[in-house]
Every structure is written in structure tokens, then in C-alpha cells.
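Residues per chain, in single letters:
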Amino acid sequence: MELRDTAAVLSPAAAQRWRDRLTAAQAFMRERSHLPGVLIEVAAQHPLVDGATPGDEFAARLRRGHALFEEFRAAGRPVEIYVPGSRHRHLGVEDASSLSRAGGDFLEKLGVPPSAVRGDDLNERYKGDAGVYGSADECFVAASYFRDGEFGTLVSVCSPAQMTRKMLHYLQFGVHPLNHTAPTPEGFHDFLYEILVAVPEVLGTEDTLQGRGSDGAERLRAERRPRED
């Protein structure tokens, strides 16, 4: 399948909707650019090692987020880091901690002040009992908090394979982050799956996985939510 242009896989009307989203999100970010605050979203990754500790890929993103935190702070900018992710289940094994808490603990050990680390508090504020179980949820919470706060810059740190899909979700929620990746020799996200399946699914639907009755959201929760939650 040759993917040379969005128009090759979408109807002209759908392609125009995405171009309009990009234009609107870029305009919104320009309007916010005078605000000093920086919000860094570090995409979580399940499963945790022994149910409690970030694995190599998640740790690489957290270290990249920490480096960016220090760069912005050195420039005199107020910075917060949001690590998304509720408690997950993977192949029948349930984590003992939420991805947010595991990532937050990791950042605090690197020296990020606890007051600058956000996680379960934002998960609860913006998603409530539904929880944060996928990239769309992560982007929804980060975009919502960005809009509600005194932030002028939004940064997203993720794996190289998932960057395009994350950006599409962010555009669905009206923002355009600066994207950074943290490559690792092996990653949870498969480039071919992202290119051939996941990205086309996002491009071809208006489903942001946030509404009640979303089939995609229900599937993710069924796969990833611990049985006892």
C-alpha cells in the first residue's frame, strides 16, 4: 500500500478536514505563544517491570522529558511534566501502580520537583472513572490541561513509531505540540502496524475515543483495565 499523500487514502472532504484541523491548531498555538508556561507530556508505556517500574522504552522517554525539563527551566520558563496512564493490565497481569505514578516516581528520582510532576491528578480531573488507557486519552488530558493553564508551549515525548498517530490525536483536540522521540533498539509500537493500520484508522474516523459508546475506547478498556477496577 503506497501512502504518498493523505488524499491518496482519504476522500477530498476528509483530507480537507484534517488540513483545517492542522491550520486551526497552529493558529491556536500562535495565540498562546506569549504565555511563559511549558507543559511536557511524556507518553507512558505498559507493561511496567514487575508491575511497578518503567521498562527501557518508558525510561528512555522519561529521561528525555527530564532533559527537556532542565533545558526549559534553565531558560527561565515555568515547566510541568504530565505522565499519563491509569493502572494497566497486560496479558492477564495487572500492574501494582498506575503508569502515571511509576513515571512520576522515576522523574522525581532524577531530580524533578514533585510539584512539577502531574499524573493521576490530571487523569482523574479530565477522565474521571473512565481512566487513561491509550494515546487518544493521553492527548485529550494533555490538551485539556494545556488549554486550562498558563501554558504557551506544549511538548510531547513518545516513541518514533507512534509520533504521527499522537500528532493526529492532538490535532483532533485543537493543539499542535513540539514532538520529541526517544528511540530504543526495540519498541512496543510496530512501525508497520502504525503506518498500515493505526494511522489510517485515526485518519478515517471522527471517533476521538472520548465519547460514550466509542467502540475503540471500550476495546482499549476491555484489554487494558484491571479486572478489579
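Because the structure is a prediction, the values reported are computed rather than measured.

A. Spotlight on the nonpolar core. If you look at the biggest cluster of nonpolar residues, it comprises 23 residues, and the most contacted ones within it are I40, L62, F69, I81, L107, V112 and V155. Per-element tally for this core: the top contributor is helix 3 (residues 56-74), with six residues. Sequence-distant contacts of V112, defined by excluding residues within four places in its chain, comprise H66, F69, I81, L107 and V117. Counting 18 residues, the second-largest nonpolar core is a separate cluster that includes V132, V141, A143 and L154.

B. Structural view of the pattern of salt bridges. A complete count under the given rule lists 13 salt bridges for this structure. Between K166 and E138 there is a salt bridge, with the nearest N and O atoms lying 2.7 Å from each other. Placement of the pair is K166 in helix 7 (residues 163-172) and E138 in helix 6 (residues 135-148), with a sequence separation of 28 residues. In this pair, the class of K166 matches that of E138, namely buried. By sharing partners, the salt bridges in this structure join E41, E138 and K166 into a single network.

C. How the structure looks around helix 3. Its 19 residues place the ends of helix 3 27 Å apart at the C-alpha level, agreeing with the 27 Å of an ideal helix rising 1.5 Å per residue. Inspection of helix 3 places E57, F58, A59, A60, R61, L62, G65, H66, L68, F69 and F72 among the buried residues, and these make up the whole buried set. Next to the buried residues of helix 3 lie strand 1 (37-42), strand 2 (79-82), helix 4 (99-110), strand 6 (151-158) and strand 7 (178-181).

D. Molecular detail of the layout of surface pockets. Looking at the largest pocket, its volume works out to about 610 Å³. Along its surface, the largest pocket is lined by 30 residues, and S135, R165, R219, L220 and R224 are the ones closest to its centre. Of all elements in the fold, only helix 6, helix 7, helix 8 (191-203) and helix 9 (215-224) reach the threshold of two or more residues within the lining of the largest pocket. At five residues, the largest contribution of residues to the lining of the largest pocket is made by helix 8. Looking at the lining of the largest pocket residue by residue, the class counts come to eleven nonpolar, eleven polar and eight charged.

E. Region of the structure containing the packing of aromatic side chains. In the structure shown here, the tally under the stated rule is four aromatic pairs. Residues F28 and F146 carry aromatic rings whose centres are separated by 6.4 Å and whose planes lie at 70 degrees to one another, so their mutual orientation is edge-to-face. Here the residue F28 occupies a position in helix 2 (residues 12-32), and F146 occupies one in helix 6, the gap between them amounting to 118 residues. In this structure, F28 and F146 share a single accessibility class: buried. Taken together, a centroid distance of 5.5 Å and an interplanar angle of 70 degrees make the contact between F140 and F173 edge-to-face. Of this pair, F140 sits in helix 6 while F173 is found in the loop between helix 7 and strand 7, placing the two residues 33 residues apart along the sequence.

F. Molecular detail of helix 7. In terms of residue burial, helix 7 counts as a mostly covered element, since eight of its ten residues are buried. Within the sequence span of helix 7, burial applies to R165, K166, M167, L168, H169, Y170, L171 and Q172. In the core, the buried residues of helix 7 are packed alongside helix 2, strand 1, helix 6, strand 6, strand 7 and helix 8. One or two steps after helix 7, the chain reaches G174, where phi turns positive at roughly 85 degrees.

Parameters at a glance
Residues numbered from 1 in each chain as written. Predicted model: local features only at pLDDT ≥ 70, side-chain atom pairs only at ≥ 80, totals over all residues. Heavy atoms only, no water. Core = buried A, V, L, I, M, F, W, Y, C linked by side-chain atoms within 4.5 Å. Buried < 20%, exposed > 50% of the residue type's maximum accessible area, 1.4 Å probe, protein only. Helix = DSSP H or I, 4+ residues; strand = E, 2+ residues; numbered from the N terminus. Contact = heavy atoms within 4.5 Å. Salt bridge = Lys/Arg side-chain N within 4 Å of Asp/Glu carboxyl O. Expected span 1.5 Å × (residues − 1). 1 Å grid on protein atoms, 1.4 Å probe; cavity = no way out; pocket = protein on both sides within 12 Å on 5 of 7 lines; lining within 4 Å. Points joined across faces, edges and corners; volume = space filled by probe spheres on them. Nonpolar A, V, L, I, M, F, W, Y, C, P; charged D, E, K, R; others polar. Phe/Tyr/Trp six-rings, centres within 6.5 Å; stacked < 30°, edge-to-face > 60°.

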